[in-house]
Amino acid sequence: MTVVQMFSLHISIQQAVISGPREYRHRIEHASVTTDDILARVAALDIVIAPHSYTFEKGPMIEAYGEGRWSHMFANASILEHGISNAANSDFPVSPLNPLLRIQSLVTRTSRFGKTYGASQQLSVEQALHAYTMGGAIATFEEANKGSITPDKYADLVILSQDPRVTPPLELRNISVVATYVSGVLRFER
């Protein structure tokens, strides 16, 4: 999406936002290339962004945009700096449905070939985990029921083989899911 297309889309969303209360949140999928001006306008309208996080496998594709644009592509850190809710996703089937690989891409922005694209947009592990848990819940107005392990929520969670917060960033994708619980019920066990 070009900046002009993004601006036109923004005007349409702006009209929808001011039309009245709603039971859902407006959101922009991908927002592949942004500017600080666009992000400021998105923040003012309380719109959620669901950006890509597939630098690991798609890094070479980014080359075509030129190094000067890399810090504006999949601008996850800038999204958070503007106070915008980030609903991280895999964009499956464009990239593998592997949340830990996606989290690694958010944290390192490094391709499988070892090149880093737009290091200024790297997230901390905690920020990436939040984007994949609370970010998605916020995007769907379900933050009161999902997205964190707190009393009165559904108890949807996974048990991991390692703590992502202490795992070397370039090894996050190698963490295994040991067990999965949905509404507190064990649904998968390795």
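For the structure, see preceding data.
Definitions and cut-offs
- Residues numbered from 1 in each chain as written.
- Predicted model: local features only at pLDDT ≥ 70, side-chain atom pairs only at ≥ 80, totals over all residues.
- Heavy atoms only, no water.
- Pairing = 2+ DSSP bridges.
- Helix = DSSP H or I, 4+ residues; strand = E, 2+ residues; numbered from the N terminus.
- Polar contact = N/O pair within 3.5 Å; in protein donor to acceptor, adjacent residues only side chain to side chain.
- Axes fitted to C-alpha atoms, helices over the stretch in contact; angles between N-to-C directions.
- Parallel < 35°, antiparallel > 145°, perpendicular 65-115°, else oblique.
- Contact = heavy atoms within 4.5 Å.
- Nonpolar A, V, L, I, M, F, W, Y, C, P; charged D, E, K, R; others polar.
- Buried < 20%, exposed > 50% of the residue type's maximum accessible area, 1.4 Å probe, protein only.

Regarding the pairing of strand E5 (residues 185-189)
Part 1: Sheet topology places strand E4 (residues 177-182) next to E5; four bridges connect them, and they run antiparallel. Counterpart to alanine 179 in the pairing with E5 is glutamate 189.

Points about the side chain of histidine 52
Part 1: Tracing the chain through its elements places histidine 52 in the loop between strand E2 (48-51) and helix H3 (55-62).
Part 2: Polar contacts involving the side chain of histidine 52 include one to the side chain of tyrosine 54, which spans 3.2 Å.

Thoughts on the packing of H3 against helix H5 (residues 99-108)
Part 1: Where H3 meets H5, the axes come as close as 10 Å, and the angle between the chain directions of the two elements is 50 degrees. As far as their axial angle goes, H5 and H3 are oblique. Residue-level contacts link Thr55, Phe56 and Glu57 of H3 to Leu101, Arg102, Gln104 and Ser105 of H5.
Part 2: Partitioning the contact of H3 with H5 into residue classes produces two nonpolar, three polar and two charged.

Thoughts on the environment of valine 48
Part 1: Here valine 48 shows up in strand E2.
Part 2: Using a relative accessible area of 2% as the deciding quantity, one classes valine 48 as buried.
Part 3: Contacts of valine 48, omitting those with residues within four sequence positions, involve Arg25, His26, Arg27, Ile28, Ile84, Ser85, Ala87, Ile138 and Ala139.

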